[in-house]
Amino acid sequence: MSDTQTNRRTFLKISAATGLAVGATALGATPKPGTATSAPAKAGDVLLYQDGPNKGKPVKAADLKAGTAVWAIVADPATKKPRDATKSAVVIVKLPSGKIKASSKPNAVGDVVAYSSVCTHQGCPAKQLGDVGAGKGNIICTCHGSIYDPADNATVLGGPAPKRLAALPLKLDATGQLTAGAPFTGNIGPKK
Ligand code: FES
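Residues numbered from 1 in each chain as written. Predicted model: local features only at pLDDT ≥ 70, side-chain atom pairs only at ≥ 80, totals over all residues. Heavy atoms only, no water.

Enquirer: Before we move on, could you go through the environment of V59 and cite the residues and values that matter?
Expert: Tracing the sequence through the fold places V59 in the loop between β1 (46-49) and β2 (68-75). For V59, a relative accessible area of 0% gives the class buried. For the pair formed by V59 and G176, sequence separation is 117 residues and the distance between their alpha carbons is 8.7 Å. Apart from residues no more than four positions distant in its own chain, V59 is found in contact with L47, L48, Y49, L64, V70, A72, I92, G176, Q177 and L178. (Helix = DSSP H or I, 4+ residues; strand = E, 2+ residues; numbered from the N terminus. Buried < 20%, exposed > 50% of the residue type's maximum accessible area, 1.4 Å probe, protein only. Contact = heavy atoms within 4.5 Å.)

Here is the structure:
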């Protein structure tokens, strides 16, 4: 059996157990954002949509809907190039009103929070919110079923992840675009 088949079977078992409801396309590889610069994030960096119809455009806080997530890349504001080929991807979540916890507030803009989307288990993309069961409204990694709470500083709610996702402190610029207010709060992805 190939690795892909093994991963898919594992994922399906976890989905059944946890109620994760996601498409098969979520089993994709880590992003390949192109030529990268040298650091994962710096204050003032811009956040650009990683995929979808707005790919490459800046993420504006006012365009986000409560209870949804978008996948973005941290980029140099001058060149618009990703800071790092494998560590610059983030999942941005606009939480439902009143859900944010004290642990997330220092890094948030209103109800909007951002975390590294590199899963701390084995580095798969943790880039979307679950639809049902334990994953509902929480950030999920579909490779092996890790679940992170976006309202509580991405603390681990389930699955094999050994630690929370690193937060990216957010700011708004004068045009309403989300930017990095500071570097990530911790190590990105699995600890080596
Ligand atoms: S890589 Fe294993 S749960 Fe994310």
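Enquirer: Which residues make up the pairing of strand β8 (residues 155-158), and what values do they have?
Expert: In the sheet, strand β7 (residues 146-149) pairs with β8 via three bridges, with the strands oriented antiparallel. In the sheet register, D149 faces β8, and the bridge partner there is T155. Linking β7 to β8, which pair antiparallel, is a turn of five residues; within it N153 sits at a positive phi near 55 degrees. (Pairing = 2+ DSSP bridges.)

Enquirer: Can you break down unusual backbone geometry residue by residue, with the values?
Expert: A positive phi angle is found at K80, which is not glycine, with a value near 65 degrees. You will see that A154, though not glycine, has its phi angle at about 60 degrees, which is positive. Position of A154 relative to the elements: it lies in the loop between β7 and β8. Here A154 falls in the buried class, since its relative accessible area comes to 0%.

Enquirer: Could you give an account of the state of the cysteines, with specific residues and numbers?
Expert: Within this structure, the stated rule accounts for one disulfide. Between the sulfur atoms of C124 and its disulfide mate C143 the distance is 2.0 Å. Negative torsions about the S-S bond denote left-handed disulfides, and the value of about -85 degrees found for C124 with C143 makes this one left-handed. Here C143 lies in the loop between β6 (139-141) and β7 and C124 lies in the loop between β4 (112-116) and β5 (128-129), a separation of 19 residues in the sequence. Taken individually, C124 and C143 each receive the classification buried, so the pair is uniform in this respect. (Disulfide = S-S within 2.5 Å.)

Enquirer: If you had to explain empty space enclosed by the protein to someone new, which residues and values would you point to?
Expert: Enumeration over the complete set of coordinates arrives at one cavity of 30 Å³ or more. If you add up the space inside the largest cavity, you get close to 30 Å³. If you go around the largest cavity, the residues you meet are S104, N107, A108, V113, A114, Y115, A167 and L168. Residues belonging to the lining of the largest cavity are distributed by class as follows: six nonpolar, two polar and no charged. (1 Å grid on protein atoms, 1.4 Å probe; cavity = no way out; pocket = protein on both sides within 12 Å on 5 of 7 lines; lining within 4 Å. Points joined across faces, edges and corners; volume = space filled by probe spheres on them. Nonpolar A, V, L, I, M, F, W, Y, C, P; charged D, E, K, R; others polar.)

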